[in-house]
Number of protein chains: 2
Amino acid sequence: MTQKKQKVKEQFHLFLTKKRLKATLQRNLILDAFVDLDRPTHMDELYLILRSKHSHIGHATVYRALRLFAAAGIAREFSLGDGLTRYELAGHGKRHDYLVCSDCGTVTEFDNSSIEERQLAVARSMGFTVEALKIELRGVCSRCLTQSG
Amino acid sequence: MTQKKQKVKEQFHLFLTKKRLKATLQRNLILDAFVDLDRPTHMDELYLILRSKHSHIGHATVYRALRLFAAAGIAREFSLGDGLTRYELAGHGKRHDYLVCSDCGTVTEFDNSSIEERQLAVARSMGFTVEALKIELRGVCSRCLTQSG
DNA sequence: AATACAATGACATCCACTTTCATTGAAGAC
DNA sequence: GTCTTCAATGAAAGTGGATGTCATTGTATT
Ligand SMILES: [Mn+2]
Ligand SMILES: [Mn+2]
Ligand SMILES: [Zn+2]
Ligand SMILES: [Zn+2]
């Protein structure tokens, strides 16, 4: 277990204790999956990961857990153009830039406090083909670019 | 009728003719309301405006009309954090910055091709209290700021 | 006019998400 | 360890924005 994971789990249990909420098996499993994935995600992705190992977990429980993580300050809730509610590990400031692959849909974080031109340069250096300038930078990620040609 | 409105209506009718689609009373009413409002909006807002004058319009028709405007290149579809699909008049480039008032929900356009610091300065000069830096700048608009204190 | 077929609108359905509620189970009291 | 309490779970129902269905209406062409 990484240092970061340990810290997050401690923070969560402190929150639960303070609020007189309960540390259930499901909440621990969901938090583990969320921290282990280590990139912005959403309910359905986590649900599939969890179901593959623990087939008894309900989808409502995953939704509720993610909201709880946000309430605990462990996760940050955000949203892109699609209908999905997304979550990422919290605690990295006010800037939230995402590279959204229009091919595979993968969301990559891209925090950079310098100016626009610099943001574009970094995006390109990550193999991202920028199509439009928005908080969500949409394009094709390096993996998809390699696979298709 | 403004120059801009005239042009938009011509563009729409050209599109309809090309595609062998029909210029209906409803489509004209919806386009008028959309252009007259002159700021980013969504189906429900337009529906209320339209129903107040023309009580026989169906909500599905408004949804379909807005999608059609986007297909015609007249409108641009986008989305903010809430569940609503928004539309704005198209034709002002790739940059799309919005000031979203966290109090009244009004969306204001804020297109600026210079760097971040400059964006923040412009936002402030418009009376907007910036809370976080994202494509959607959330804060309080000048109107709400005046009303509350 | 008459015809062809796109558009409308009431209604049903979809999908992400939330709520409900009977049952389960975590944690403090003893 | 057992008891007691009440939060948590999960299956199922509900919600809300958006879209599909289809009988009827309306537009544009002949
Ligand atoms: Mn972020
Ligand atoms: Mn714009
Ligand atoms: Zn990709
Ligand atoms: Zn406001």
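Treat the numbers as computed from the prediction; the structure is a model and nothing was measured. (Residues numbered from 1 in each chain as written. Chains lettered and ligands numbered in written order. Predicted model: local features only at pLDDT ≥ 70, side-chain atom pairs only at ≥ 80, totals over all residues. Heavy atoms only, no water.)

Visitor: Explanation requested: the protein's contact with DNA strand D in the structure shown.
Guide: With respect to spatial proximity, 19 residues lie near DNA strand D, and among them Thr24(A), Arg27(A), Thr61(A), Arg64(A) and Thr85(B) are the closest. Note that a phosphate oxygen of DNA strand D is positioned 2.6 Å from one of the side-chain N or O atoms of Thr61(A). Tyr63(B) places a polar side-chain atom, nitrogen or oxygen, 2.8 Å from a phosphate oxygen of DNA strand D. By residue number, the principal contributor to the surface near DNA strand D is helix H4 (residues 59-71) of chain B, which donates four residues. The residue makeup of the surface near DNA strand D, split by class, is five nonpolar, eight polar and six charged. (Near = heavy atom within 4 Å. Polar contact = N/O pair within 3.5 Å; in protein donor to acceptor, adjacent residues only side chain to side chain. Helix = DSSP H or I, 4+ residues; strand = E, 2+ residues; numbered from the N terminus. Nonpolar A, V, L, I, M, F, W, Y, C, P; charged D, E, K, R; others polar.)

Visitor: I tried to follow helix H2 (residues 25-37) of chain B on my own but got confused; where do I start?
Guide: Each full turn of the α-helix corresponds to 3.6 residues, which orients residues three or four apart in the same direction. All names here are of chain B. Helix length check: H2 (13 residues) gives 18 Å between terminal C-alpha atoms against 18 Å at 1.5 Å per residue, within 8%. All of the buried residues in H2 are Leu 29, Ile 30, Leu 31, Ala 33, Phe 34 and Val 35. Where H2 is buried, its residues meet helix H1 (3-18), strand E1 (41-42), helix H3 (43-53), H4, strand E2 (75-79) and strand E3 (85-89). Backbone geometry just after H2 places Asp 38 at a positive phi near 60°. (Expected span 1.5 Å × (residues − 1). Buried < 20%, exposed > 50% of the residue type's maximum accessible area, 1.4 Å probe, protein only. Contact = heavy atoms within 4.5 Å.)

Visitor: When you look at the domain arrangement of chain A in this model, what are you seeing that I'm missing?
Guide: For an interface, size is often stated in terms of accessible area lost upon the parts coming together. Residue and element names in this part refer to chain A. Segmentation of chain A into domains returns domain 1 (3-89) and domain 2 (97-148). Contact residues are listed per partner, giving nine residues for domain 1 and seven residues for domain 2. Carbon and sulfur atoms supply 56% of the area that domain 1 and domain 2 bury against each other, a total of about 620 Å² over both sides. On the domain 1 side of the contact with domain 2, Pro 40, Leu 80 and Glu 88 bury the most area, a combined 58% of that side's loss. Applying the counting rule to domain 1 against domain 2 returns zero salt bridges. (Domains from an automatic or database assignment. Buried area = accessible area lost by both parts, 1.4 Å probe. Salt bridge = Lys/Arg side-chain N within 4 Å of Asp/Glu carboxyl O.)

Visitor: I keep staring at the packing of aromatic side chains and nothing clicks. Help me out?
Guide: Centre-to-centre distance and the angle between the planes together describe a pair of aromatic rings. The final tally for this structure, using the stated rule, is four aromatic pairs over all chains. Grouping aromatic residues by their ring pairs yields a cluster made of Phe12(A), Phe34(A) and Phe69(A). (Phe/Tyr/Trp six-rings, centres within 6.5 Å; stacked < 30°, edge-to-face > 60°.)

Visitor: Would you mind showing me how to read the sheet that holds strand E3 (residues 85-89) of chain A here?
Guide: The pairing of strands in a sheet comes from backbone hydrogen bonds and takes either a parallel or an antiparallel form. All names here are of chain A. Taken in spatial order, the three strands of this open sheet run E1-E3-E2, and their pairing is antiparallel. Of all strands in the sheet, those bounded by a partner on one side alone are strand E1 (41-42) and strand E2 (75-79). Direction of pairing for E2 relative to E3: antiparallel, over a ladder of five bridges. Counterpart to Arg 76 in the pairing with E3 is Glu 88. On top of the sheet, helix H2 (residues 25-37) reaches E1, E2 and E3; it is set at about 75° to E3, its chief contact. Lying on the sheet, helix H4 (residues 59-71) is in contact with E1, E2 and E3; it crosses E3 at an angle near 50°. (Pairing = 2+ DSSP bridges. Axes fitted to C-alpha atoms, helices over the stretch in contact; angles between N-to-C directions.)

Visitor: What's the story with the sheet that holds E3(B) in this structure? I'm lost.
Guide: Residue and element names in this part refer to chain B. Taken in spatial order, the three strands of this open sheet run E1-E3-E2, and their pairing is antiparallel. Two strands bound the open sheet, and with one partner strand each, they are E1 and E2. Pairing between E1 and E3: two bridges, direction antiparallel. Across the sheet, residue Thr 41 finds its bridge partner in E3, namely Tyr 87.

Visitor: Got a minute to help me understand the confidence of the model for chain A in this structure?
Guide: Low-confidence regions, as indicated by low pLDDT, have predicted coordinates that should not be scrutinised in detail. All names here are of chain A. For chain A, per-residue confidence averages 80 on the pLDDT scale, and 65% of positions sit at 70 or higher. For chain A, strand E6 (residues 136-139) is the element with the lowest average pLDDT, namely 51, and H4 is the one with the highest, namely 98. Considering only residues more than four positions removed or in separate chains, one finds that residues 130-134, a stretch of pLDDT under 50, has 17 contacts. (pLDDT = per-residue confidence, 0-100.)

Visitor: Which parts of the structure should I look at to understand the side chain of His42(A)?
Guide: Within the element layout of this structure, His42(A) appears in strand E1. If we skip the residues at most four places from it in the chain, His42(A) touches Leu66(A), Leu84(A), Thr85(A) and Arg86(A).

Visitor: Before we go on, may I ask you to explain the packing of H2(A) against helix H3 (residues 43-53) of chain A in this structure?
Guide: Geometrically, a packed helix pair is captured by the angle between its two axes and the distance between the axes. Residue and element names in this part refer to chain A. Across the interface, H2 lies against H3 with an axial gap of 10 Å and an inter-helix angle of 115°. Put simply, H2 runs roughly perpendicular to H3. Regarding H2 and H3, the two cross each other, and that crossing is right-handed. Two secondary-structure elements touch here, H2 through Leu 29, Ile 30, Ala 33, Phe 34 and Leu 37 and H3 through Glu 45, Leu 46, Ile 49 and Leu 50. Its residues placed into classes, the contact of H2 with H3 shows eight nonpolar, no polar and one charged. (Parallel < 35°, antiparallel > 145°, perpendicular 65-115°, else oblique. Left-handed = near helix turned anticlockwise from the far one by under 90°.)

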